[in-house]
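Spelled out from the first residue to the last, the chains are:
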Amino acid sequence: MLAKVFTSVFVQIFKKIWMVALIFSIFGLLSFGLGFLDGTLSILVPVLQITVLVLGVVMIFYSFLVCWQFFRNSFYQDQAFLYQTLPVKRSILFYGELSAFICWQIIIFALLLCGLWIGMIDQSTRDSLITIVHDGLPLVMGSTQNVWLLIFLFGCACFEQMICEMIAGIFGICAGYSTLKDKLGKSVIIGVCSYYGLAAVMLGILFGIAKSNPKLWLLLESNGLGEEIIPLLAWLALLYLIVIGLLIGASYFIIRKGINID
Amino acid sequence: MIEINNLSKSYGKHKVLDDLSLQIKPGTIVGLLGPNGSGKTTLIKLINDLLIPQSGSILIDGKQPGKITKSKIAFLPEKTFLDPAWKAKDALKIYQDFYADFNQEQALKFMKEFGLKEDMPIRSMSKGMLEKLTLLLVLSREADIFILDEPLGGIDPAARDQILDTILSRFSEDKILILSTHLIYDIERILDRAIFIKHGKVLMDIDVEEYRSSHNKSLDQTFREVYAC
């Protein structure tokens with residue numbers, strides 16, 4: 001049933017956001033294509049690059065809003081009469097939707113990076129960046145030779161910021177709409193807890209990777225981020241564990257409490 | 001069978017259902033009657049696991065409301081529950097994907113009878129058309145229990161008889177049909193049993209035919225007398 005929920009929600013989200021993603025892609029390609037031209041049309045390139053940047057930001061926020069609105073409608077508005085009476089456990093519905101939202105955010109983020117890569121940067125800059133990645137990063141990072149893994153981890157770090165905000169927003173809305181009345185305070189608290197909970201997971205992973213790499217650790221130490229910060233990080237980890245607990249509690253609260261739709 | 005025992009539900013300090021008990025057996029068409037705010041919709045939501053009661057229990061074929069009971073109940077809410085961005089075929093697809101007992105052929109047959117097309121956007125449908133679409137989605141299931149909240153709301157008087165006949169055509173002796181409506185005059189001809197609810201309690205629970213012959217008045221008249229302001 002989880003797969004059915006995921007597929008259904010995934011397709012529905014696609015139908016709502018494909019147009020914006022397409023427009024962004026078209027402008028990105030236009031910017032890329034016109035960059036090869038000399039003459040009158042090439043003056044459009046800076047305009048198109050700005051447009052790509054603006055559309056990218058719009059696409060990120062729009063996709064987030066679509067996901068948020070879908071969740072809100074399926075749990076707390078009239079469409080809940082359909083989704084909440086489907087023969088699936090409420091937890092399956094909740095996590096199925098959340099999985100689809102996360103999947104879409106990954107896709108949109110990847111599309112954004114591609115669009116910015118081809119639409120915002122000229123060819124000489126692209127070539128320089130590729131050289132740095134292939135030749136420079138392995139020297140700095142020491143034993144880790146797999147630069148694609150490093151790029152992936154860097155992408156995760158950036159993505160984590162976006163995904164945390166999305167999930168924080170969703171959980172904030174959950175708490176806020178658990179009754180008919182909006183509860184702004186509860187929404188904010190749950191949203192902030194959600195954000196830091198997920199940020200903790202990613203920071204923990206990145207910290208672990210850095211610690212396991214001698215040259216990277218030396219790089220951090222030379223910038224004042226050495227062994228002495230470990231106690232601080234430990235207290236931070238404890239705080240994050242607490243917020244993860246609150247996050248799990250919030251999920252349980254959302255799933256177990258009845259949905260009052262009117 | 002639906003068994004409701006000492007059910008109570010409050011919204012804050014306002015008690016909507018007050019120690020309500022009922023039993024509904026298969027082979028019955030039940031009218032759930034009462035004015036606005038009497039607790040009918042709350043009771044229906046509780047049966048459909050949309051709300052959690054303060055106290056009491058609901059058992060549907062011996063099971064509490066949840067995933068299994070939802071597969072046995074075909075529920076038509078009063079509100080429009082379809083995404084306006086959909087087309088009629090998208091709504092059919094959702095039902096086909098999630099309900100094993102959904103009869104696609106029956107649904108298409110109903111669509112033809114009601115003059116609806118699969119490619120029709122929901123946003124462009126009139127209120128009456130939307131009501132017909134949601135009704136046919138529900139009636140196309142081979143569920144054990146049908147709960148219809150205001151199934152005739154928004155339907156023109158000429159079409160009401162057609163709708164009622166369609167509802168009846170899906171009913172059989174092993175099923176339960178619960179209708180909640182204010183249009184008592186239109187539905188009383190098909191009701192076996194009428195449950196009048198007032199202030200969250202069962203005011204009257206009557207066999208319709210027996211009541212009509214013994215009291216010599218219609219349910220509609222009785223409703224007006226019982227709930228007179």
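Cut-offs used in this document
- Residues numbered from 1 in each chain as written.
- Chains lettered and ligands numbered in written order.
- Predicted model: local features only at pLDDT ≥ 70, side-chain atom pairs only at ≥ 80, totals over all residues.
- Heavy atoms only, no water.
- Pairing = 2+ DSSP bridges.
- Helix = DSSP H or I, 4+ residues; strand = E, 2+ residues; numbered from the N terminus.
- Axes fitted to C-alpha atoms, helices over the stretch in contact; angles between N-to-C directions.
- Contact = heavy atoms within 4.5 Å.
- Buried < 20%, exposed > 50% of the residue type's maximum accessible area, 1.4 Å probe, protein only.
- Buried area = accessible area lost by both parts, 1.4 Å probe.
- Salt bridge = Lys/Arg side-chain N within 4 Å of Asp/Glu carboxyl O.
- Parallel < 35°, antiparallel > 145°, perpendicular 65-115°, else oblique.
- Left-handed = near helix turned anticlockwise from the far one by under 90°.
- Nonpolar A, V, L, I, M, F, W, Y, C, P; charged D, E, K, R; others polar.
- UniProt positions renumbered as here; feature names shortened; annotations may be inferred.
- Patch = residues over 30% accessible without salt bridge, like charges linked within 9 Å, V, L, I, M, F, W, Y side chains within 5 Å.
- Areas by Shrake-Rupley, 256 points an atom, 1.4 Å probe, with all protein chains shown as cover.

## Some points on the sheet that holds strand β7 (residues 176–180) of chain B
Hydrogen bonding along the main chain pairs the strands of a sheet, whether they run parallel or antiparallel. Residues and elements named next belong to chain B. In spatial order, the strands read β5-β6-β7-β3-β8-β9; together these six strands make up an open sheet with mixed pairing. Strand pairing shows two members of the sheet lacking a second neighbour, β5 (73–76) and β9 (201–207), which therefore form its edges. On average, adjacent strands in this sheet sit at an angle of 15° to one another, irrespective of strand direction. Together, β8 (193–198) and β9 form the strand contacts of helix α8 (residues 208–215), whose direction differs from that of β9 by roughly 80°.

## A word on unusual backbone geometry
Residue and element names in this part refer to chain B. The phi dihedral of Asn-6 falls on the positive side, at around 45°, and the residue is not glycine. Within the element layout of this structure, Asn-6 appears in strand β1 (residues 2–11). Backbone geometry places Glu-150, a non-glycine residue, at a positive phi of 55°. Within the secondary structure, Glu-150 is located in the loop between β6 (145–149) and α6 (157–169). Look at Glu-150 and you get buried, because its relative accessible area is 10%.

## Some points on the pairing of β5(B)
All names here are of chain B. Alternating residues of β5 divide into Ile-73 and Phe-75 and Ala-74 and Leu-76, and every residue in both groups is buried. Here β5 pairs with β6 via four bridges, running parallel. Note that in β6 the partner of Leu-76 across the bridge is Leu-148.

## Thoughts on the interface of chain A and chain B
Across the contact, 27 residues belong to chain A and 26 residues belong to chain B. A per-residue breakdown of the area chain A buries against chain B is headed by Phe81(A), Leu82(A) and Pro87(A), which together make up 26% of the total. Remark: the boundary between chain A and chain B carries two salt bridges. Salt-bridge contacts for Asp90(B) lead to Lys15(A); the nearest nitrogen and oxygen are separated by 3.2 Å.

## Some remarks on the packing of helix α4 (residues 104–114) of chain B against α6(B)
In a packed pair of helices, the relevant descriptors are the angle between the two axes and the axis-to-axis distance. Residue and element names in this part refer to chain B. Between α4 and α6, whose axes approach to 12 Å, the crossing angle comes to 165°. When the interaxial angle is binned, α4 and α6 end up roughly antiparallel. As for the relative orientation of α4 and α6, their crossing is right-handed in sense. Listed contacts from α6 to Phe-110, Glu-113 and Phe-114 of α4 are Gln-162, Ile-163 and Thr-166. A breakdown of the residues in the contact of α4 with α6 according to their chemical character gives three nonpolar, two polar and one charged.

## Quick notes on the environment of Leu168(B)
All names here are of chain B. Along the polypeptide, Leu-168 turns up in helix α6. The partly exposed category is assigned to Leu-168, whose relative accessible area is 31%. For the pair Leu-168 and Arg-123, spaced 45 residues apart in sequence, the C-alpha separation works out to 29 Å. When near neighbours in sequence (up to four residues on either side) are disregarded, Leu-168 contacts Ile-29 and Ile-190.

## What about the UniProt feature "transmembrane region" (unreviewed entry) in chain A?
All names here are of chain A. UniProt records the feature "transmembrane region" (unreviewed entry) at residues 17–37, 43–71, 92–118, 147–176, 188–209 and 229–255, using the numbering of this structure. Annotated as 97% helix and 0% strand, the span residues 43–71 places its first and last C-alpha atoms 43 Å apart. Overall, residues 92–118 shows 100% helix and 0% strand. The separation of its end C-alpha atoms is 39 Å.

## What about a nonpolar patch on the surface?
Among the surface-exposed residues, Phe14(A), Trp18(A), Met19(A), Leu22(A), Ile23(A), Ile26(A) and Leu30(A) lie close enough to one another that they form a single nonpolar patch of about 610 Å² accessible area. Residue class for Ile23(A) comes out partly exposed when judged on its relative accessible area of 33%.

## Notes on the sheet that holds strand β2 (residues 14–24) of chain B
Residue and element names in this part refer to chain B. Ordered in space as β2-β1-β4, the three strands form an open sheet in which the pairing is antiparallel. What marks the edges here is a single partner per strand, and that holds for β2 and β4 (55–60). Going across the sheet, the axis of each strand differs from the next one's by a mean of 20°, ignoring polarity. Alignment of β1 against β2, held across seven bridges, turns out to be antiparallel. Across the sheet, residue Ile-2 finds its bridge partner in β2, namely Ile-24. Helix α1 (residues 40–47) rests against β1, β2 and β4 of the sheet, and its axis sits at about 120° to β1.

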